[in-house]
Amino acid sequence: MAEERRKAVLQLLQRPGNARCADCGAPDPDWASYTLGVFICLSCSGIHRNIPHVSKVKSVRLDTWEDVQVEFMASRGNAIARATFESKVPPFYYRPSASDCQLLREQWIRAKYERQEFAHPERQEPYSAGYREGFLWKRGRDNGQFLSRKFVLTEREGALKYFNRSDAKEPKAVMKIEHLNATFQPAKIGHPHGLQVTYLKDNSTRNVFVYHEDGKEMVDWFNALRAARFHYLQVAFPGASDADLVPKLSRNYLQEGYMEKTGPKQTEGFRKRWFTMDDRRLMYFKDPLDAFARGEVFIGSRESGYTVLDGLPPSTQGHHWPHGITIVTPERRFLLACETELEQRAWMEALRKVVDRPMLPQEYAVEAHFKHKP
Ligand SMILES: [Zn+2]
């Protein structure tokens with residue numbers, strides 16, 4: 001009976017490995033790929049639907065199941081699929097979660113099941129070789145136009161370089177792997193494959209915005225950058241375990257969005273700026289896609305004299321947005337205003353998370369650089 005078969009599939013969801021989506025880890029999946037034998041969430045089922053030669057999906061609760069399909073699901077499940085399709089995932093490879101962008105989740109699913117990259121390590125060459133070169137569309141610093149640029153990543157030199165002309169001998173920029181970060185920003189960049197690469201130059205953050213039309217190429221670049229960071233950190237911290245290093249390979253921002261701010265005298269008018277909270281760096285830009293930050297503020301810990309206060313001092317004037325935040329640092333106070341209460345709460349939470357965390361020895365060195373800035 002159809003009802004009994006559906007119940008039998010529902011029962012399988014109780015098995016430990018099946019309690020989370022096989023692809024993004026979201027809880028309580030109620031879709032399944034009955035050709036791959038995995039339980040997945042609704043969102044990942046949409047991606048599976050786009051690769052019908054590999055995966056066919058059904059709703060556990062709403063669709064009709066055949067005996068042979070129920071038996072197959074019972075014989076497989078997420079734990080076995082993981083052992084099969086994820087047997088050789090390199091430690092640096094980015095495993096997306098439910099909150100990651102569509103591109104990362106889709107390429108993870110295609111890499112696992114369609115290309116079977118993690119059962120065949122020789123297919124990992126595009127991001128494991130330690131060298132990669134190719135063309136990416138890069139946003140021009142001044143005119144905002146995307147132009148094709150040659151990029152070269154070399155682990156041996158510990159650098160990512162790009163060239164303004166493909167026959168140029170000297171790179172336009174050399175970005176040290178040591179200080180490099182990459183994070184997908186499709187909404188901000190206005191392209192579903194948009195990647196923001198940041199690096200430090202003279203201790204200030206520089207932004208480079210790139211994309212490739214081909215989703216696999218873009219995610220291969222991203223993982224190649226993570227691989228280069230991984231190998232750099234392995235050399236820099238010889239005793240560290242993979243588990244210690246992997247969270248340091250790339251960072252997503254803690255919070256981003258518009259706020260208003262005053263200048264140091266706090267009598268200047270408030271100006272709308274785009275803020276990015278990157279770990280302990282709070283940066284502000286005139287435009288979200290500016291190459292350089294207008295300013296950067298180091299956010300230390302409570303013990304070192306940093307506090308985040310709800311609201312603005314009563315005498316404050318000149319802000320258009322009603323929801324204030326005061327950041328107190330050992331040097332000065334920063335007065336900020338958010339347009340909505342929801343945004344103010346999100347910023348308060350992000351800032352407090354950082355302030356509540358004790359500082360690491362190397363973070364004191366970073367703080368000292370900020371103090372010596374003119
Ligand atoms: Zn999922």
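As shown above, the structure is provided for reference.
Note that the structure is a prediction, hence the values are computed from the model and not measured.

> Help me out: how do you make sense of the sheet that holds strand 15 (residues 307–310) in this one?
Adjacent strands of a sheet pair through backbone hydrogen bonds, lying either parallel or antiparallel. With antiparallel pairing, the seven strands of this open sheet are ordered in space as 14-13-12-11-17-16-15. The sheet is open, and its two borders are formed by strand 14 (295–298) and strand 15, each paired with just one other strand. Ignoring which end each strand starts from, the neighbouring axes of this sheet average 35° apart. One ladder, built from four bridges, connects strand 13 (residues 281–285) with strand 14; its direction is antiparallel. Paired with Met-283 across the bridge in strand 14 is Glu-296.

> Help me understand the environment of Phe-85, please; the structure alone is not making it clear to me.
If you trace the backbone, Phe-85 turns up in helix 4 (residues 78–85). Given the relative accessible area of 10%, Phe-85 is considered buried. Separated by 24 residues in the primary sequence, Phe-85 and Ile-109 place their C-alpha atoms 9.9 Å from one another. In this structure, Phe-85 is in contact with Leu-36, Arg-76, Lys-112, Tyr-113, Gln-116 and Phe-118, ignoring residues within four places of it in sequence.

> Any chance you could explain the layout of surface pockets here in plain terms?
Taking a probe equal in size to a water molecule and rolling it over the atoms shows the remaining empty space. In this model, the largest pocket occupies a volume close to 1,100 Å³. If you trace the largest pocket, you find 31 residues lining it, with Arg-229, Arg-251, Asp-279, Gln-362 and Val-366 closest to the centre. Elements with a contribution of two residues or more to the lining of the largest pocket: strand 9 (195–201), helix 8 (215–236) and helix 11 (361–371). Here the element with the most residues in the lining of the largest pocket is helix 11; it accounts for five residues.

> Where do I start with the sheet that holds strand 2 (residues 38–40) in this structure?
Strand order in this open sheet of three strands is 2-1-3, and the pairing throughout is antiparallel. A single partner strand is all that each edge strand has here, and the edge strands are strand 2 and strand 3 (57–59). In this sheet, adjacent strand axes meet at a mean angle of 30° when their direction is disregarded. Pairing between strand 1 (residues 31–33) and strand 2: three bridges, direction antiparallel. Among the inter-strand pairings, Ser-33 is bridged to a residue of strand 2, identified as Val-38. Packing against the sheet, helix 2 (residues 42–49) makes contact with strand 1, strand 2 and strand 3, and its axis sits at approximately 120° to strand 2.

> Is there a simple way to think about empty space enclosed by the protein in this case?
Counted under the stated rule, the structure contains three cavities of 30 Å³ or more. What the largest cavity holds in volume is close to 70 Å³. Lining the largest cavity we find Leu-136, Phe-151, Leu-160, Met-175, Leu-195, Val-197, Val-208, Val-210, Met-218, Trp-221 and Leu-225. No other element matches helix 8, which puts three residues into the lining of the largest cavity. Looking at the lining of the largest cavity residue by residue, the class counts come to 11 nonpolar, no polar and no charged. By volume, the second largest cavity is sized at about 50 Å³. Around the second largest cavity, the lining residues are Lys-138, Arg-139, Gly-140, Arg-141, Asn-207, Val-208, Phe-209, Leu-289, Asp-290 and Ala-291. Contributing elements (two or more residues each) for the lining of the second largest cavity: strand 4 (131–139) and strand 10 (204–211). Here the lining of the second largest cavity is composed, by residue class, of four nonpolar, two polar and four charged.

Cut-offs and rules
Within each chain, residues carry numbers counting from 1 in the order of the written sequence. Predicted model: local features are reported for residues with pLDDT of at least 70 only, side-chain atom pairs are reported and counted for 80 or more only, and whole-chain, interface and lining totals are derived from all residues. The side-chain values count all of the structure's non-hydrogen atoms but skip hydrogen atoms and water molecules. Here, any two strands with at least 2 DSSP bridges between them count as paired. Secondary structure follows DSSP: runs of H or I at least 4 residues long count as helices, runs of E at least 2 residues long count as strands, and numbering of each begins at the N terminus. A fitted line through C-alpha atoms represents every axis, and for helices the fit uses only the stretch in contact; the resulting angles, taken between N-to-C directions, go from 0 to 180 degrees. Only protein chains enter the accessibility calculation, which uses a 1.4 Å probe. A residue is then buried if its area is under 20% of the maximum for its type, exposed if over 50%, and partly exposed in between. The contact rule is simple, with two residues in contact once any of their heavy atoms fall within 4.5 Å. Cavities and pockets are found on a 1 Å grid laid over the protein atoms alone: a cavity is a set of points where a 1.4 Å probe fits but cannot escape, a pocket is an open set with protein on both sides within 12 Å along at least five of seven lines, and a lining residue has an atom within 4 Å of such a point. Grid points are joined across faces, edges and corners, and a volume is the space filled by probe spheres set on the points. Charged residues are taken to be Asp, Glu, Lys and Arg, nonpolar residues to be Ala, Val, Leu, Ile, Met, Phe, Trp, Tyr, Cys and Pro, and polar residues to be all remaining types, Gly included.

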